[in-house]
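Structure at a glance
Below, each chain spelled out in residue letters.
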Amino acid sequence: MPTSTLLTCGIVLLTVVAIAYGGTFLLRVRAGDVATNELQRASFRAGHAHAGVLVILGLVVQILTAQPGVPAWSATIGSGVLWAAIVMPAGFFLSVIGKDPQKRNAWRYAIGAGGILLTIGVVGAGIGLISAGL
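Structure report, in brief. Every chain begins its residue count from 1, and numbering advances along the sequence as written. Local features in this predicted model are restricted to residues of pLDDT 70 or higher, and side-chain atom pairs are both shown and tallied only at a pLDDT of 80 or more, whereas totals for entire chains, interfaces and linings draw on every residue. Derived side-chain values reflect all non-hydrogen atoms in the structure, with water molecules and hydrogen atoms excluded from consideration.

To continue, consider the side chain of N37. The helix and strand labels rest on DSSP assignments: H or I over at least four residues marks a helix, E over at least two residues marks a strand, and numbering proceeds from the N terminus. Along the polypeptide, N37 turns up in the loop between α1 (3–31) and α2 (38–65). In protein, a polar contact means a hydrogen-donor-capable atom and an acceptor-capable atom, both N or O and within 3.5 Å, with residues adjacent in sequence counting only if both atoms are side-chain atoms; elsewhere, any N or O pair within 3.5 Å suffices. In terms of polar contacts, N37 uses its side chain to reach the backbone amide nitrogen of L39, at 3.1 Å. At 2.8 Å, the side chain of N37 and the backbone nitrogen of Q40 are in polar contact. The contact partners of N37, leaving out residues within four places of it in the chain, are D100, P101 and Q102. By definition in these notes, contact holds between two residues if any of their heavy atoms fall within 4.5 Å.

Another aspect to go through is the environment of S43. Along the chain, the position of S43 falls in helix α2. Sequence spacing of S43 and S95 is 52 residues, and the spatial spacing of their C-alpha atoms is 8.3 Å. Contacts of S43, omitting those with residues within four sequence positions, involve F92, V96 and R104.

The patches reported here contain residues having more than 30% relative accessible area and no salt bridge. Joining distances are 9 Å for like charges and 5 Å for nonpolar side chains (Val, Leu, Ile, Met, Phe, Trp, Tyr). Computed with a 1.4 Å probe, the accessible areas rest on the Shrake-Rupley method; for each residue, only the protein chains presented here act as cover. The salt bridge criterion pairs a side-chain nitrogen of Lys or Arg with a carboxyl oxygen of Asp or Glu, the two atoms within 4 Å. Taken together, I56, L57, V60, L64, W73, I77, I116, I120, V122, V123, I127 and L129 make up a surface patch of nonpolar side chains, about 980 Å² in accessible area. Top contributing element to the nonpolar patch by residue count: helix α5 (residues 108–133), with 6 residues. Take I77: it is sitting in helix α3 (residues 72–78).

So, about the layout of surface pockets. Only protein atoms enter the 1 Å grid, on which a cavity is a set of points fitting a 1.4 Å probe that cannot get out and a pocket is an open set with protein on both sides within 12 Å along at least 5 of 7 lines, lining residues being those with an atom within 4 Å of a point. Grid points are joined across faces, edges and corners, and a volume is the space filled by probe spheres set on the points. A volume near 500 Å³ is recorded for the largest pocket. Contributing to the lining of the largest pocket are 25 residues, with T15, V55, L82, A85 and I86 lying nearest its centre. Sorting the residues of the lining of the largest pocket by element identifies α1, α2 and α4 (80–94) as the ones contributing at least two each. With 9 residues, the top contributor of residues to the lining of the largest pocket is α1. Class assignment of the residues belonging to the lining of the largest pocket gives a composition of 16 nonpolar, 9 polar and no charged. Under this grouping Gly is polar, as are all residues other than the nonpolar Ala, Val, Leu, Ile, Met, Phe, Trp, Tyr, Cys and Pro and the charged Asp, Glu, Lys and Arg.

Moving on, we come to the pattern of salt bridges. Under the criterion given, the structure shown has 2 salt bridges. Salt-bridge contacts for E38 lead to R41; the nearest nitrogen and oxygen are separated by 3.1 Å. Of this pair, E38 and R41 both sit in helix α2, separated by 3 residues, roughly a single helical turn. Only protein chains enter the calculation, and the probe is 1.4 Å; a residue is then buried if its accessible area is under 20% of its type maximum, exposed if over 50%, and partly exposed in between. Here E38 falls in the partly exposed class, since its relative accessible area comes to 47%. For R45, the salt bridge is made with E38, and the minimal N-O distance between the two is 3.8 Å. For R45, a relative accessible area of 45% puts it in the partly exposed group.

Contact geometry for α2 and α5: axes closest at 10 Å, N-to-C directions at 25°. Comparing the axis directions of α2 and α5 gives the class roughly parallel. Judged by the twist between their axes, the crossing of α2 over α5 is left-handed. Along the contact surface, α2 presents L54, L57, V61, L64 and T65, while α5 presents L118, V122, A125 and L129. Axes here refer to lines fitted to C-alpha atoms; in helices the fit is confined to the stretch in contact. Angles between the N-to-C directions go from 0 to 180 degrees. Roughly parallel covers angles under 35 degrees, roughly antiparallel covers those over 145, roughly perpendicular covers 65 to 115, and oblique covers all other angles. Crossings are sorted by hand: turned counterclockwise from the far helix by less than a right angle, the near helix makes the crossing left-handed, and turned clockwise it makes it right-handed.

From the geometry alone we can't say anything about function, so treat these as descriptive.
Shown next as structure tokens:
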């Protein structure tokens, strides 16, 4: 596996610590220790869940696209999944900041942007893997 992929995977694994810390924040929200409204609680849960799932999916994509015979462009496009793991959860969290927001702010567009990155990443990685197997 290329050194750059090992480095990327190592860094991404370290982000799991931040995701785990986010879980403790959710526990404080759930316990009522952090004042939030329903929109914030739902967004914080969604952001935390998407971060965890997309980091794992991003690692899998990195490992798969680093295999011999898989085109380099596929690994490059596949890294969109890891970008989605940053952009989408940021949209969930930052779109509801403030004392008591009743609707999402402009950060809501990051959720859709993360979805686009995710789609492009998995399609690019998938096509590259299929082409390597032909």
